[in-house]
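Analysis of the macromolecular model
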Amino acid sequence: MIETVFRCDELPRADRFDFWREQMAKLMAPMEMSTEHTGDFRGQVRILEVGAAHVWPTKFHPMTFRRTPKLIRQSDPELYHFSFLEGANLQVSQAREEAAHSAGGLYVVDTSRPYDCVAFGGPPQGVGLEIPKALIPVPHDRIDRLLARPIPGRDGVGALLTGFLSRLSADSDSYRPSDGPRLGSVLIDLTTAVLAHAVEAEDAVPPESRRRTLTLRVQNFIQRNLHDPELTPAAVAAAHHISVSYLHRLFRDQDTTVSGWIRRQRLDRVRHDLADPGLAAAPLHEVAARWGFAHPAVFSRAFRAAYGMPPSDYRQLALRTPVPDAPPWRPAGTGPGPFVPPPSSGTS
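Residues numbered from 1 in each chain as written. Predicted model: local features only at pLDDT ≥ 70, side-chain atom pairs only at ≥ 80, totals over all residues. Heavy atoms only, no water.

The subject of this paragraph is the environment of Val92. Looking at where Val92 falls in the secondary structure, it is placed in strand β6 (residues 79-94). Sequence separation between Val92 and Asn225 is 133 residues, and the spatial gap between their C-alpha atoms is 37 Å. Ignoring any residue separated from it by four or fewer positions in sequence, one finds Val92 in contact with Glu97, Glu98, Ala99, His101, Tyr107, Val109, Asp116, Cys117 and Ala148. (Helix = DSSP H or I, 4+ residues; strand = E, 2+ residues; numbered from the N terminus. Contact = heavy atoms within 4.5 Å.)

Turning to the state of the cysteines, a few remarks are in order. All told, the structure shown has zero disulfides when counted by the stated rule. The thiol of Cys8 is not disulfide-bonded; the next cysteine sulfur, from Cys117, is found 17 Å away. Given the relative accessible area of 0%, Cys8 is considered buried. (Disulfide = S-S within 2.5 Å. Buried < 20%, exposed > 50% of the residue type's maximum accessible area, 1.4 Å probe, protein only.)

As a further point, take the pattern of salt bridges. The tally for this structure, following the rule as stated, stands at 13 salt bridges. With a closest N to O distance of 2.8 Å, Glu3 and Arg46 form a salt bridge. Placement of Glu3 in strand β1 (residues 2-7) and of Arg46 in strand β3 (residues 43-50) is noted, with a sequence separation of 43 residues between them. Taking relative accessible area as the criterion, Glu3 reaches 33% and is therefore assigned partly exposed. Classification of Arg46 as buried rests on a relative accessible area of 16%. When the shortest N-O distance is used, the salt bridge between Arg167 and Asp171 registers 2.5 Å. (Salt bridge = Lys/Arg side-chain N within 4 Å of Asp/Glu carboxyl O.)

Moving on: the side chain of Thr162. Here Thr162 shows up in helix α4 (residues 156-170). On the basis of relative accessibility, which here comes to 4%, the residue Thr162 falls in the buried class. In this structure the side chain of Thr162 is engaged in a polar contact, spanning 2.8 Å, whose partner is the backbone oxygen of Gly153. The residues contacting Thr162, other than those within four sequence positions of it, are Phe84, Leu106 and Gly153. (Polar contact = N/O pair within 3.5 Å; in protein donor to acceptor, adjacent residues only side chain to side chain.)

A separate point is the pairing of strand β5 (residues 64-67). Taking every second residue as pointing to the same face, the buried face of β5 carries Phe65 and Arg67, while none of Thr64 and Arg66 on the other face is buried. Pairing analysis gives three bridges linking strand β2 (residues 32-34) to β5, with the strands arranged antiparallel. Within β5, the residue paired with Ser34 across the bridge is Thr64. (Pairing = 2+ DSSP bridges.)

A word on the nonpolar core. A general feature of soluble globular proteins is that nonpolar side chains tend to end up buried together. Within the largest apolar cluster, 37 residues are counted, with the highest numbers of intra-cluster contacts made by Val50, Val55, Leu129, Leu161, Leu168 and Leu187. Counting only elements with at least two residues in this core, the list comes to β3, β4 (53-60), β6, β8 (106-110), β9 (115-132), α4 and α5 (179-198). The leading source of residues in this core is α5, at nine residues. Counting residues in hydrophobic clusters, the runner-up holds 32 residues, among them Phe251, Ala275, Ala302 and Phe303. (Core = buried A, V, L, I, M, F, W, Y, C linked by side-chain atoms within 4.5 Å.)

Below, the discussion takes up the packing of α4 against α5. Contact geometry for α4 and α5: axes closest at 8 Å, N-to-C directions at 150 degrees. Between α4 and α5, the interaxial angle falls into the category roughly antiparallel. Pair α4 / α5 crosses with left-handed handedness. Residues Val157, Gly158, Leu160, Leu161, Phe164, Leu165 and Leu168 of α4 touch α5, and the partners they reach there are Leu183, Val186, Leu187, Leu190, Thr191, Ala193 and Val194. Residues that form the contact of α4 with α5 fall into these classes: 12 nonpolar, two polar and no charged. (Axes fitted to C-alpha atoms, helices over the stretch in contact; angles between N-to-C directions. Parallel < 35°, antiparallel > 145°, perpendicular 65-115°, else oblique. Left-handed = near helix turned anticlockwise from the far one by under 90°. Nonpolar A, V, L, I, M, F, W, Y, C, P; charged D, E, K, R; others polar.)

Time to look at helix α6 (residues 207-224). For α6, spanning 18 residues, the distance from its first C-alpha to its last is 26 Å, which sits close to the expected 26 Å at 1.5 Å a residue. Listed in full, the buried residues belonging to α6 are Ser209, Thr213, Leu214, Thr215, Leu216, Val218, Gln219, Phe221, Ile222 and Gln223. (Expected span 1.5 Å × (residues − 1).)

The subject of this paragraph is the pairing of β3. For β3, the buried fraction is high: six of the eight residues fall into the buried class. Direction of pairing for β1 relative to β3: antiparallel, over a ladder of six bridges. Of the residues in β3, the one forming a bridge with Ile2 is Glu49. In this sheet, β4 lies alongside β3 in antiparallel orientation, the contact comprising six bridges. Residue pairing across strands places Val45 opposite Thr58, the latter belonging to β4. Following β3, the chain reverses through two residues before pairing antiparallel with β4; Gly51 in that reversal takes a positive phi of roughly 60 degrees.

A word on the packing of α6 against helix α9 (residues 258-274). Look at α6 against α9: their axes get within 10 Å of each other, and the N-to-C directions meet at 45 degrees. The orientation of α6 with respect to α9, classified from their angle, is oblique. The two elements α6 and α9 cross, and the hand of that crossing is right-handed. Residues Gln219, Ile222 and Gln223 of α6 form the contact with α9, whose own contacting residues are Trp261, Ile262, Gln265 and Arg269.

Topologically, Ser112 is positioned in the loop between β8 and β9. When its relative accessible area of 23% is taken as the criterion, Ser112 is described as partly exposed. The sequence separation of Ser112 and Ala14 amounts to 98 residues, and the corresponding C-alpha distance is 32 Å. Discounting chain neighbours no more than four positions away, the residues touching Ser112 are Ile72, Asp76, Glu78 and Lys133.

Here it is in structure tokens:
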């Protein structure tokens, strides 16, 4: 992904807020901005180009944003701007709707319509997401009902979107430029599902978007239940009220099987633990059982098949070879597989 970072902390104090205001006007839709912290303003923003979407991890001193009809006439990128708050509070108004938002909250505004946003109660911190309106298949008149209102971001489909945004922001340097378009498609699908669910317009979501969103929900469920040795395709299908055959079709689209995907995720977690010096004394069977491998012999065969060596040899090699952190989970097909340490050179 392409990432741009700018901060104003290193500038003279008197110049910081003017610099911030100028940069934000160039990078986002033009807005009027004011703050009580002009003498000591601090702010940082990263812009991640994720296909057609842009993700904005940011933190700044409390301030007021205002997008006026005059500014809209001057420039309108025609975007939906989503904000996921990780800290502080905001008061947002648009389309005759006014609402307060706190940490964990999610809301959307339309850059084509005037809005006001007041940040208070400490430096706001969170992740913004901008998507061209033309790429959201939910009818825009239905989305109008949601503008400025709180959208659940801690459970259901909303939690998938906010969790994906947080992980993407935290691990941005782990992705390749070629991952951007694929991850952008995931973001658009998740955002569409969140909006459709919020306005009960699921019929407006294309079948392909619904299928990809369901796949993400299933994968997220599997990630959270890898420790359970009873995590089988039948159990996964039952938890999502779909047939086992339909579940298999979802994963066939991802060029893998359900059982194969579960096994790969478990092996990757075990591999990470085997390279952890803090777990060096833990017996192999306990490490394996922690991630759902109930039978040591089955685990050993699967590990050797995946990584070309027994788990005991891997642990010895990994603990004396600098091993990078396990790569972040990516939706199937969006990135490389797990790291495997290089063959031993014969030195210790």
